[in-house]
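# Notes for the structure review
Chain by chain, the residues:
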Amino acid sequence: MVNQDACEVTIVHEDVVRKIRKELPDVTEMVQIFKALADETRLRIAYSLTLESEMCVCDVAAVIQSSSATASHHLRYLRDHLLAKSERRGKMVYYSLADEHVADLVKIAYEHAIEAQQKM
């Protein structure tokens, strides 16, 4: 039986391999970004922050239907991984996404998921 997911013979294209190895960056920081967004709650928060540019912790807690402590924990995780930023205003703390790159990642992931669903 032939494995449809693997080559039947091994022929390494050395020129391609050399080129890619030269250009392949250290992906450690990228892995951390995707790990942070791999959590369903944090991804919901990040997506919410694409819809509303900033939200206070109380509003985030209401959106994700959790306590303020839980929302705060997830928001702090996103901030510590440079995906979100926070600003205290009096007794309130407001969060927003760190920059447009984060918003783009979240939006692209959503669009891809929708397209994948439609192909099924």
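Quantities reported herein were computed from a predicted structural model and do not represent experimental measurements. (Residues numbered from 1 in each chain as written. Predicted model: local features only at pLDDT ≥ 70, side-chain atom pairs only at ≥ 80, totals over all residues. Heavy atoms only, no water.)

### Thoughts on a nonpolar patch on the surface
On the surface, a nonpolar cluster with roughly 400 Å² of combined accessible area is contributed by Val27, Met30, Val31, Phe34 and Leu105. Take the nonpolar patch: its biggest share by element is three residues, from helix α2 (residues 28–37). Tracing the backbone shows Val27 in the loop between α1 (14–23) and α2. (Patch = residues over 30% accessible without salt bridge, like charges linked within 9 Å, V, L, I, M, F, W, Y side chains within 5 Å. Areas by Shrake-Rupley, 256 points an atom, 1.4 Å probe, with all protein chains shown as cover. Salt bridge = Lys/Arg side-chain N within 4 Å of Asp/Glu carboxyl O. Helix = DSSP H or I, 4+ residues; strand = E, 2+ residues; numbered from the N terminus.)

### So, the packing of helix α3 (residues 40–51) against helix α4 (residues 57–64)
Across the interface, α3 lies against α4 with an axial gap of 10 Å and an inter-helix angle of 120°. Taken together, the axes of α3 and α4 are oblique relative to one another. Along this stretch, α3 crosses α4, giving a crossing that reads as right-handed. Contact with α3, carried on its side by Thr41, Arg44, Ile45 and Ser48, involves Val60, Val63 and Ile64 of α4 and no other residues of that element. Of the residues assigned to the contact of α3 with α4, the class counts are four nonpolar, two polar and one charged. (Axes fitted to C-alpha atoms, helices over the stretch in contact; angles between N-to-C directions. Parallel < 35°, antiparallel > 145°, perpendicular 65-115°, else oblique. Left-handed = near helix turned anticlockwise from the far one by under 90°. Contact = heavy atoms within 4.5 Å. Nonpolar A, V, L, I, M, F, W, Y, C, P; charged D, E, K, R; others polar.)

### Let's talk about the sheet that holds strand β1 (residues 55–56)
Spatial ordering of the open sheet is given by β1-β3-β2, a layout of three strands whose pairing is antiparallel. Because the sheet does not close on itself, it has two edges, and the strands there are β1 and β2 (84–89). The pairing of β2 with strand β3 (residues 92–97) spans six bridges and is antiparallel. Bridging from a neighbouring strand, Glu87 pairs with Tyr94 of β3. Contacts between α3 and the sheet are confined to β1 and β3, with β3 contributing the most and set at about 85° to the helix. (Pairing = 2+ DSSP bridges.)

### Topic: helix α6 (residues 100–119)
Spanning 20 residues, α6 covers 28 Å between terminal C-alpha atoms, matching the ideal 28 Å at 1.5 Å per step. Along α6, the positions that sit buried rather than exposed are Val102, Ala103 and Val106. Across the axial projection of α6, the buried residues extend over an arc of 110°, all falling on one side. Opposite the packed face of α6, turned more than 90 degrees from it, sit the exposed residues Glu100, His101, Ile108, His112, Gln118 and Lys119. Where α6 is buried, its residues contact α2, α3 and β3. The residue sitting at the N-terminus of α6 and contributing the capping side-chain oxygen is Asp99; that oxygen lies 2.9 Å from the backbone nitrogen of His101. (Expected span 1.5 Å × (residues − 1). Buried < 20%, exposed > 50% of the residue type's maximum accessible area, 1.4 Å probe, protein only. Arc of directions from axis to C-beta. Polar contact = N/O pair within 3.5 Å; in protein donor to acceptor, adjacent residues only side chain to side chain.)

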